[in-house]
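# Breakdown of the fold
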Amino acid sequence: AIECLTAALNVDRNWPVEEFLNLAQGGEEVLGGHNADWFIHYTTMSHYEKLRPLLLQMLKSASEKVRKVAASRITVAALHEKAPESDLAEVLRVDAVCRTAAAHIFSDGLGYDPVRDKCREHLKNLFHDPEKAVRDMTDHCFRKLSDEQLAKESELITAFINSNAFADDAAQLC
């Protein structure tokens, strides 16, 4: 059903979102899947306010998959100023699953100029996260950068070297 709603986004952006929200009321088991993640991915930029109550509810789910989907989508929306900073703060407050999902988004976003500065600042904080899984995700931020971009990240590299993330597994940089 969600695949059909995703396809319908090419024709009408509003109706599929309404139907997705109706479908989500039937149970959260569908919300942690790949199809729900992609649907939310395609709609958060245009319909964040409509999806917001569901996304915030998903952060409270017992399912790690559901929390991860919500955390990822809220983080992307916040980076692009479609979600309020308070929603991103909630992602970073909830648990290690949500912070790891956010760290993944920030790590990938470091290579994307429009969100680079925000990602950099959040990564600096997450280098010191109490959970190793979160810190492990932060060191991915260096892997996809060009040599040119990496050379410009001396401040971030210094912050990383002075963090628990570096102490955990310095071999990852090699």
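A brief report on the enclosed structure follows. This one's a predicted model, so the numbers in the text were calculated from it and none came from an experiment. (Residues numbered from 1 in each chain as written. Predicted model: local features only at pLDDT ≥ 70, side-chain atom pairs only at ≥ 80, totals over all residues. Heavy atoms only, no water.)

### A short note on helix H7 (residues 116-126)
For H7, the set of buried residues is Arg116, Cys119, Arg120, His122, Leu123, Lys124 and Leu126. Looking at the buried positions of H7, the neighbouring elements they touch are helix H4 (64-79), helix H5 (85-94), helix H6 (96-109), helix H8 (132-138), helix H9 (147-151) and helix H10 (154-161). (Buried < 20%, exposed > 50% of the residue type's maximum accessible area, 1.4 Å probe, protein only. Helix = DSSP H or I, 4+ residues; strand = E, 2+ residues; numbered from the N terminus. Contact = heavy atoms within 4.5 Å.)

### Things to note about the packing of H4 against H6
Running from amino to carboxyl end, H4 crosses H6 at an angle of 40 degrees, the nearest separation of the two axes being 8 Å. In this view, H4 runs oblique relative to H6, as classed from their interaxial angle. Of the two possible hands of crossing, H4 and H6 adopt the one that is right-handed. Between H4 and H6, the contacting residues are Glu64, Arg67, Lys68, Ala71, Ser72, Thr75, Val76 and Leu79 on the first element and Val97, Cys98, Ala101, Ala102, Ile105 and Phe106 on the second. Considered class by class, the residues forming the contact of H4 with H6 number 9 nonpolar, 2 polar and 3 charged. (Axes fitted to C-alpha atoms, helices over the stretch in contact; angles between N-to-C directions. Parallel < 35°, antiparallel > 145°, perpendicular 65-115°, else oblique. Left-handed = near helix turned anticlockwise from the far one by under 90°. Nonpolar A, V, L, I, M, F, W, Y, C, P; charged D, E, K, R; others polar.)

### Comments concerning the pattern of salt bridges
Applying the stated criterion across every chain yields a total of 16 salt bridges. The closest approach of N and O atoms between Glu18 and Lys50, which form a salt bridge, is 2.8 Å. Of this pair, Glu18 sits in helix H2 (residues 14-24) while Lys50 sits in helix H3 (residues 34-58), placing them 32 residues apart in sequence. Since its relative accessible area comes to 44%, Lys50 is described here as partly exposed. Bridged by salt links that share partners, the residues Asp117, Arg120 and Glu153 form one connected network. (Salt bridge = Lys/Arg side-chain N within 4 Å of Asp/Glu carboxyl O.)

### Some remarks on H10
Of the residues making up H10, those classed as buried are Leu156, Ala159 and Phe160. In a view along the axis of H10, the buried residues occupy a sector of 100 degrees, so they form one face of it. Of the surrounding secondary structure, the elements contacted by the buried residues of H10 are H7 and helix H11 (164-168). (Arc of directions from axis to C-beta.)

### Considerations on the environment of Ile40
With respect to the helices and strands, the residue Ile40 is situated in helix H3. Residues Ile40 and Leu5, spaced 35 residues apart in sequence, show a C-alpha to C-alpha distance of 11 Å. The contact partners of Ile40, leaving out residues within four places of it in the chain, are Phe20, Leu55, Met58, Val69 and Arg73.

### Considering the nonpolar core
Grouped together as the largest cluster of nonpolar side chains are 50 residues, with contacts concentrated most on Phe20, Leu55, Met58, Val91, Phe106 and Phe127. Of all the elements, H4 adds the most residues to this core, at 9 residues. Ignoring any residue separated from it by four or fewer positions in sequence, one finds Leu55 in contact with Ile40, Thr44, Tyr48, Ala70, Arg73 and Ile74. (Core = buried A, V, L, I, M, F, W, Y, C linked by side-chain atoms within 4.5 Å.)

### Thoughts on the side chain of Arg73
Note that Arg73 resides in helix H4. Relative accessible area serves as the criterion here: at 11%, Arg73 is assigned to the buried category. Engagement of the side chain of Arg73 in a polar contact is seen with the side chain of His41, the distance being 3.5 Å. The contact partners of Arg73, leaving out residues within four places of it in the chain, are Asp37, Ile40, His41, Thr44 and Leu55. (Polar contact = N/O pair within 3.5 Å; in protein donor to acceptor, adjacent residues only side chain to side chain.)

Keep in mind that these numbers describe shape and distance, not what the molecule does.
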